[in-house]
Amino acid sequence: MTTESALAWLEANEDAGIERLCEWLKIPSVGTDPAFDDDTRRAAAWCADHLRASGFDVELKETAPDDGRGQPIVLATCGDASTPGPHVLFYGHYDVQPSDPDDLWETGPFDPVIRDGEGGGKMVVARGASDDKGQVAMFLEAMRAWKESGGPVGGGVRWTVLIEGEEESGSVNLERFLERERSRLAECDVCVISDTGMLARGKPAITYGVRGLAYTEVTLHGPDRDLHSGMWGGRCPNPINELVRVLAGLWDGDRKVTLPGFYDGVRGPVQDERDAWSKLGRDAAKQLEEIGLSPEADIGEAGFTEVEREWGRPTCDINGIQGGYTGAGAKTVIPAHASAKVSFRLVDDQDPEKIRDGFFAWLEERTPPGCRWSFLDHGTGLPATMSFDNLYLRAASTAIESACGVAPAMIKTGGSIPVAGLLKQNLGLETVFMGFGLDDDRVHSPNEKFEVECFRMGARSHVELCRALLKGV
């Protein structure tokens, strides 16, 4: 009937909770591949059954448009308008990345195993162990603990739970779903997402800001065929030469992005943040060493430290270049076209669509003579940052400290979680990121893992979150 009872149930039933997670991990819910559609639907049904067993009212909501595919959304609720405290939306996803390259897995990607972890203790190895089934399962087990220990459903909190099956493919149907369910979801006061990480083992963290994203692909077209470079070199534009010449102008000598208006809406980092980040003890030289680089490789926008550049500043990166002959041996051609994938990580109040359109316009102004551009938009996502003094951020911090015995660090991430920006834009919801992954969890890679200690800390923290939310910390 109390938080302590729920925590005691979690401890006594941890092995069973890990077994339940492994059952879920065995279902190959690769939402991006139509060959796995039946399995993906099974994973949704598994999640729905888990929540029903914890006392929630659950629906499987179809998302497929009339002319396409769609994975079902698990939508569950408990409590009503008379329930004290805030109405909290919990978001997660049950779809996983493809497992390939399968030959690099030490065990089957969908045959979860529990083995000794690299930092001591045990870990679960399988696709989705950390991203995101393992982290969602922390919340599921916390809700089960409340029910099985005789407490109120959902720990007495009014929850709406939204677990989708298309996050790994860009949440293609989510915005339409949010609009369809606006009247229900707009009643929520805040969102909680467990799909982020800790500072290090034994060092929990709350992520209070994620960067936005604008991802583009640009192609410069020149001659109508590949040409002999001996006959045509120096006589006509070479699309590769011209493409790299234009793209090199994206940065100035201080590595600042040169697009007009690019820094509109950028506010930080403010001094309080810079001071707090400087005390986290991050070792930039060691991090570089772990990826095979020397300390001299700590480069980026002038005037900012490595953590400030990662968490608090926008960036532009060329993610790939393609064109001409790239096979073995020599082939002396001037290619007909050349392409580049260019992405922008964005912060604060930057507008991804404005950045995308500004980039395309900037390229048009620099079109090499005789050439033309074609553009592809690979998607945008808004940044999302929560104020340090937010009531719900304080509640999450109190919960984690009570559950883990150590206050969480307040961090940002250089990555993007587009759903957070979508929720803020469409529903006005701020998001608390309360995740327990580690940097070495091999997310999206072979041998993905989630450590049992992280699972334990997360499940306990979600139990404690109920108490903190109801106390109105």
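Residues numbered from 1 in each chain as written. Predicted model: local features only at pLDDT ≥ 70, side-chain atom pairs only at ≥ 80, totals over all residues. Heavy atoms only, no water.

**A short note on the sheet that holds strand S18 (residues 449-451)**
The three strands lie next to each other as S4-S5-S18, forming an open sheet whose pairing is antiparallel. A single partner strand is all that each edge strand has here, and the edge strands are strand S4 (113-116) and S18. Across the sheet, the mean angle from the axis of one strand to that of its neighbour is 30 degrees, orientation sign disregarded. Where S4 and strand S5 (residues 122-125) come together, four bridges link them in antiparallel fashion. Across the sheet, the residue bridging to Arg115 is Met123, located in S5. Sheet strands touched by helix H15 (residues 452-471): S5 and S18. Its angle to S18, the strand with the most contacts, is close to 60 degrees. (Pairing = 2+ DSSP bridges. Helix = DSSP H or I, 4+ residues; strand = E, 2+ residues; numbered from the N terminus. Axes fitted to C-alpha atoms, helices over the stretch in contact; angles between N-to-C directions. Contact = heavy atoms within 4.5 Å.)

**Here's the deal with the pairing of strand S8 (residues 205-210)**
Counting buried positions over the six residues of S8 gives six, a clear majority of the element. One ladder, built from five bridges, connects S8 with strand S16 (residues 409-413); its direction is parallel. Each bridged residue has a counterpart across the sheet, and for Thr207 the counterpart in S16 is Ile411. As paired elements, S8 and strand S15 (residues 384-385) share two bridges and run antiparallel to each other. Bridged to Gly209 within S15 is Thr385. (Buried < 20%, exposed > 50% of the residue type's maximum accessible area, 1.4 Å probe, protein only.)

**Notes on the environment of Val161**
Within the element layout of this structure, Val161 appears in strand S6 (residues 158-164). Sequence-wise, Val161 and Phe56 are 105 residues apart; in three dimensions their C-alpha atoms are separated by 9.2 Å. Each residue touching Val161, except ones within four places of it in the same chain, is listed here: Leu51, Phe56, Val74, Leu75, Ala76, Phe90 and Phe139.

**Quick look at the packing of aromatic side chains**
One pair of aromatic rings is described through two measures. These are the centre distance and the angle between the planes. The full count for this structure, using the stated rule, is twelve aromatic pairs. Note on Phe359 and Phe360: the rings are 6.1 Å apart at their centroids and 35 degrees apart in plane angle, and the pair reads as tilted. The residues Phe359 and Phe360 share a single accessibility class, namely buried. An aromatic cluster of at least three residues, connected via ring pairs, comprises Phe262, Tyr263, Phe344, Phe359, Phe360, Trp362, Trp373 and Phe375. Just above the ring of Trp232 sits the side chain of Arg235; from NZ or CZ to the centre is 4.1 Å. (Phe/Tyr/Trp six-rings, centres within 6.5 Å; stacked < 30°, edge-to-face > 60°. Lys NZ or Arg CZ within 6 Å of the ring centre and 35° of its normal.)

**Concerning unusual backbone geometry**
In this structure, the amide linkage connecting Asp100 to the following residue, Pro101, adopts the cis form with an omega of 5 degrees. Of note, Pro101 is situated in the loop between strand S3 (87-93) and S4. Put simply, Asp131 and Asp132 share a cis peptide bond, and its omega is 0 degrees. Residue position: Asp132 is located in the loop between S5 and helix H4 (133-148). Even without glycine at this site, Asp348 takes up a positive phi of about 50 degrees.

**Some remarks on helix H1 (residues 3-12)**
Along H1, the residues that are buried comprise Thr3, Ala6, Leu7, Trp9 and Leu10. All buried residues of H1 project into a common sector of 155 degrees when viewed along the axis, lining one side. Opposite the buried face of H1, at more than 90 degrees from it, the exposed residues are Glu11 and Ala12. Buried residues along H1 sit in contact with helix H2 (14-25), H4 and H15. (Arc of directions from axis to C-beta.)

**Overview of the sheet that holds strand S14 (residues 372-381)**
Read across the sheet, four strands follow the order S11-S13-S9-S14 without closing on themselves; strand pairing throughout is antiparallel. Two strands lie at the open edges of the sheet, namely strand S11 (315-323) and S14, each paired on one side alone. The sheet shows a mean angle of 15 degrees between the axes of neighbouring strands, taken without regard to direction. Along the sheet, helix H12 (residues 352-365) contacts strand S9 (212-221), strand S13 (337-346) and S14; its crossing angle with S14, the most-contacted strand, is approximately 170 degrees.

**Details of a nonpolar patch on the surface**
Together, Val244, Ile318 and Ile321 make up an exposed nonpolar region whose accessible area comes to about 230 Å². With respect to the helices and strands, Val244 occurs in helix H8 (residues 239-247). (Patch = residues over 30% accessible without salt bridge, like charges linked within 9 Å, V, L, I, M, F, W, Y side chains within 5 Å. Areas by Shrake-Rupley, 256 points an atom, 1.4 Å probe, with all protein chains shown as cover. Salt bridge = Lys/Arg side-chain N within 4 Å of Asp/Glu carboxyl O.)

**Examining the packing of helix H3 (residues 37-53) against H4**
In a packed pair of helices, the relevant descriptors are the angle between the two axes and the axis-to-axis distance. The geometry of H3 relative to H4 is characterised by a closest axis approach of 9 Å and an angle of 30 degrees between their N-to-C directions. The orientation of H3 with respect to H4, classified from their angle, is roughly parallel. Here Trp46, Cys47, His50, Leu51 and Ala53 of H3 come into contact with H4, specifically with Leu140, Glu141, Arg144, Lys147 and Glu148. Class assignment of the residues belonging to the contact of H3 with H4 gives a composition of five nonpolar, one polar and four charged. (Parallel < 35°, antiparallel > 145°, perpendicular 65-115°, else oblique. Nonpolar A, V, L, I, M, F, W, Y, C, P; charged D, E, K, R; others polar.)

**A few points about the pairing of S9**
In terms of residue burial, S9 counts as a mostly covered element, since nine of its ten residues are buried. In the sheet, S9 pairs with S13 via ten bridges, with the strands oriented antiparallel. Within the sheet, the bridge partner assigned to His221 lies in S13 and is His337. In terms of strand pairing, S9 meets S14 through eight bridges, oriented antiparallel. Residue pairing across strands places Leu213 opposite Gly381, the latter belonging to S14.

These figures capture arrangement, not role.
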